[in-house]
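# Topology and contacts: notes
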Amino acid sequence: MVRLAFLLLSRRWGLLLVGVALVIGGLIWGFSGSHQVSYENASNAHYHIVRTTEDNIYFYTDNTTDYFIARDGDFNPAISDSAINASQTFDFTARTDTISVDADLNGTTISEAHVIEKLVLYDSNNQVAETYKTAEYLAHPTSFYESSWPEAIWLVILGALLFLVVLLLPLFVKKPQPATSFTIGEQGPTPGQPGQYQPYPPQPGQPGQYQPYPPQGATYPQPPQNNPYPPQSGQAPQ
């Protein structure tokens, strides 16, 4: 399971599947969890009353599959054992739908129960001794529509955002251009290496070859120059 989760979260196609699964899960939750809630009443019956270690109180009769639960925390003030023991009779109003539970009632394990919204305890004179009501019952004393969409819609939004981001992100991310690699000081082919073309040196006088001009600045013999000054006495003429 861990490997599967890692595979899904580390692959693009896996993230797309996760987004689709979140959307589908949110839609199922929203449609299946939204329904009309109605109430049923029970009174003056021989119910067994059991308080569990979670402080939830269960009501049930013999040879029945219907169990009723007064959940701890739903009532303010909480239902006290002394009030129940002092009462002679009681009646309650519970939801017709059920919730999932896990309770052992005198050796019988139950998995679902109806939620009690209102409990009335009567004294020996059949007068009302205590009345307990949930906040939900105070807000909706008659049947009402319960919607799961306020919670489920966030799962749909999360899945849709994940799907769109993973799908469209590659369109906005530029791929890096491959860098041109070269090596400084790379040497060319070695002369005489097998498989390499070796040009022949040009031959003197070969047709089509450029022949350099003779070197400039050649020295030519100069004619003798006459001495413009006459020789002095005692000097030999030049």
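Right, let's walk through the structure included here. These numbers were taken from a predicted model, which means no experiment stands behind them. (Residues numbered from 1 in each chain as written. Predicted model: local features only at pLDDT ≥ 70, side-chain atom pairs only at ≥ 80, totals over all residues. Heavy atoms only, no water.)

## Details of the pairing of strand β4 (residues 57-60)
Short version of the rule: Exposure is judged per residue with a 1.4 Å probe applied to protein chains only, and the accessible area is read against the type maximum: over 50% gives exposed, under 20% gives buried, and values in between give partly exposed. The secondary structure listing takes helices from DSSP runs of H or I that are at least 4 residues long and strands from runs of E that are at least 2 residues long, numbered from the N terminus. Paired strands are those between which DSSP finds at least two bridges.
By the alternation rule, side chains of β4 split into Ile57 and Phe59 and Tyr58 and Tyr60, which are all buried. Direction of pairing for strand β3 (residues 48-51) relative to β4: antiparallel, over a ladder of four bridges. Within β4, the residue paired with arginine 51 across the bridge is isoleucine 57. Between the antiparallel neighbours β3 and β4 lie five residues, among them aspartate 55 with a positive phi of about 70°. Both β4 and strand β5 (residues 68-70) contribute to a ladder of three bridges, which runs antiparallel. Bridge pairing links isoleucine 57 to alanine 70 in β5.

## With respect to the pattern of salt bridges
Stated formally: We define a salt bridge as a side-chain nitrogen of Lys or Arg found within 4 Å of a carboxyl oxygen belonging to Asp or Glu.
Enumeration over the complete set of coordinates arrives at five salt bridges. With a closest N to O distance of 2.6 Å, aspartate 81 and arginine 51 form a salt bridge. You can see aspartate 81 sitting in helix α3 (residues 81-86) and its partner arginine 51 sitting in strand β3, a full 30 residues away along the chain. The class of arginine 51 is partly exposed, set by a relative accessible area of 30%.

## Quick word on the environment of leucine 17
With respect to the helices and strands, leucine 17 occurs in helix α2 (residues 12-33). Sequence-wise, leucine 17 and glycine 159 are 142 residues apart; in three dimensions their C-alpha atoms are separated by 9.4 Å.

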